[in-house]
Amino acid sequence: MKSFYYSLLFVLLSFSIGCGNSSKNDAAPFTVRVGSYNIHNAVGMDNRLDFDRVAQVIDDMDIDAIAIQELDSATERSNGLVVLDELAKRTNMVGTFNASIEYRGGKYGNGILTKEQPLNKEAIALPGSEEKRSLLIAEMEDYVLCSTHLSLNEADRQESMLFIQRHTQKYKSKPVLLAGDLNALPSSDEIKYLSKHWIMLSDSTQGTYPSDAPDRVIDYIFLKSNDQFTSSVKDRKVVNEPVASDHRPLWVEVSIK
């Protein structure tokens, strides 16, 4: 009888451990839609400042999070308004801002809009010989999103790639997405280097700049390579918006397991 109970206990323990491993290794995938938009401080190709117009473009993208570049914060140019706050109010999203430089009585830099409140925020200074640049990192519950606007100088961009790689290395347990205006063509050494360590999710054949007649790709969305995760792009798009900014917005919907 005693041997019977020992056998039963062994079977129950084996089943419990097996179920635990199955749950860990076969976790259900989650889907996130992430965008990127250089909004030119909400000044369109018609030279009109219009927060409502940019907010509507973002709303129509139906995204979970978006990296935004060229944002004024309480500058003379924005009439003392914090541009990201204006967009956050109109889209009912959470704004996270980081200043790259002091500018005309206020600040200027990158931002992120998210449907959920970020758990943490981190800002990294990047090389910029013609203008200081930065990397903004927002950690969410299921993923990490980085927003950046790289230098016009090639050497700065190449060095920035090393900064980005180094400062995102610690996020090993969550997928890391990078979105922004990288000021580099798909054929550039910078993008080739990045593609060795990251997966390009956005379409490198659809132009993003200038918005009225896009003839080059300089805006991207990447996913950091990580053996813990597999991913598949469910949908992606460069939005046909020729007026609201000098860049076209883009988004990707990716399933991550």
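Our structure's up above, just so we're on the same page.
Residues numbered from 1 in each chain as written. Predicted model: local features only at pLDDT ≥ 70, side-chain atom pairs only at ≥ 80, totals over all residues. Heavy atoms only, no water.

A. Expanded view of the overall build of the chain. Secondary structure summary: the chain contains 5 helices and 12 strands in total. Considering the chain as a whole, with its 257 residues, one finds that 50% of them fall into the buried category. For the chain, the share of sequence-separated contacts (at least 6 apart) that also reach a separation of at least 24 residues comes to 68%. As presented, the chain carries roughly 12,400 Å² of accessible surface, and 50% of it is formed by carbon and sulfur atoms. (Helix = DSSP H or I, 4+ residues; strand = E, 2+ residues; numbered from the N terminus. Buried < 20%, exposed > 50% of the residue type's maximum accessible area, 1.4 Å probe, protein only. Contact = heavy atoms within 4.5 Å. Areas by Shrake-Rupley, 256 points an atom, 1.4 Å probe, with all protein chains shown as cover.)

B. Looking closely at the pattern of salt bridges. As enumerated under the stated definition, the model contains 16 salt bridges in all. Glu122 is the salt-bridge partner of Lys170, the closest N and O atoms lying 3.1 Å from each other. Placement of the pair is Lys170 in the loop between helix H4 (154–167) and strand S8 (176–181) and Glu122 in strand S5 (residues 120–126), with a sequence separation of 48 residues. Residue Lys170 is classed as exposed on the basis of its relative accessible area, which comes to 54%. A residue is classified by how much of its surface remains accessible, and Glu122, at 19% relative accessible area, is buried. Arg157 is the salt-bridge partner of Glu190, the closest N and O atoms lying 2.7 Å from each other. Remark: Arg157 occurs in helix H4 and Glu190 occurs in helix H5 (residues 189–197); sequence separation between them is 33 residues. Comparing Glu190 with Arg157 shows no difference in burial state: the two are buried. (Salt bridge = Lys/Arg side-chain N within 4 Å of Asp/Glu carboxyl O.)

C. Examining the sheet that holds strand S4 (residues 106–114) more closely. The strand order across the open sheet formed by 6 strands is S3-S4-S2-S1-S12-S11, and the pairing between neighbours is mixed. Only two strands of the sheet have a single neighbouring strand rather than two, namely strand S3 (94–103) and strand S11 (231–238). The mean angle between the axes of side-by-side strands here comes to 20°, regardless of whether they run parallel or antiparallel. Summarising the sheet, S11 and strand S12 (residues 250–256) pair through 7 bridges and their orientation is antiparallel. Its bridge partner lying in S12, Arg236 is registered against Val252. The strands that helix H2 (residues 51–61) touches are strand S1 (30–38), strand S2 (65–73), S4 and S12; relative to S1, the one it contacts most, it runs at about 155°. (Pairing = 2+ DSSP bridges. Axes fitted to C-alpha atoms, helices over the stretch in contact; angles between N-to-C directions.)

D. Quick peek at H5. Within the span of H5, buried status applies to Glu190, Ile191 and Leu194. Considered in projection along H5, the buried side chains sweep an arc of 90° and stay on one side of the axis. In this structure, the buried side of H5 is in contact with H4, S8, strand S9 (198–200) and strand S10 (219–224). (Arc of directions from axis to C-beta.)

E. Geometry of the nonpolar core. If you look at the biggest cluster of nonpolar residues, it comprises 23 residues, and the most contacted ones within it are Ile39, Ile58, Ile68, Leu87 and Leu113. Mapped onto this core, the elements with two or more residues apiece are H2, S2 and helix H3 (83–91). The element best represented in this core is H2, accounting for 6 residues. Excluding residues that lie within four positions of it along the chain, Leu87 makes contacts with Ile39, Phe51, Val54, Ala55, Ile58, Ile68, Leu71 and Leu113. (Core = buried A, V, L, I, M, F, W, Y, C linked by side-chain atoms within 4.5 Å.)

F. View of the packing of aromatic side chains. This structure, assessed with the given rule, holds 2 aromatic pairs. Geometrically, the ring pair formed by Tyr103 and Tyr108 is tilted, given 5.9 Å between the ring centres and 45° between the ring planes. For Tyr103, a relative accessible area of 25% gives the class partly exposed. A ring pair is formed by Tyr220 and Phe222, whose centres lie 5.8 Å apart and whose planes are at 35°; its orientation type is tilted. The burial state of Tyr220 is the same as that of Phe222; both residues are buried. The ring of Trp251 carries Arg33 above its face, with NZ or CZ at 3.9 Å from the centroid. A cation sits over an aromatic face here: Arg166 above Phe163, 5.2 Å from the ring centre. (Phe/Tyr/Trp six-rings, centres within 6.5 Å; stacked < 30°, edge-to-face > 60°. Lys NZ or Arg CZ within 6 Å of the ring centre and 35° of its normal.)

G. Examining the packing of H2 against H3 more closely. Packing of H2 against H3 brings their axes to within 9 Å, and their N-to-C directions diverge by 55°. One element, H2, and the other, H3, form an angle in the oblique class. The crossing of H2 and H3 is right-handed. Seen from H2, the contacting residues are Phe51, Asp52, Val54, Ala55, Ile58 and Asp59; seen from H3, they are Val83, Glu86, Leu87, Arg90 and Thr91. Partitioning the contact of H2 with H3 into residue classes produces 6 nonpolar, 1 polar and 4 charged. (Parallel < 35°, antiparallel > 145°, perpendicular 65-115°, else oblique. Left-handed = near helix turned anticlockwise from the far one by under 90°. Nonpolar A, V, L, I, M, F, W, Y, C, P; charged D, E, K, R; others polar.)

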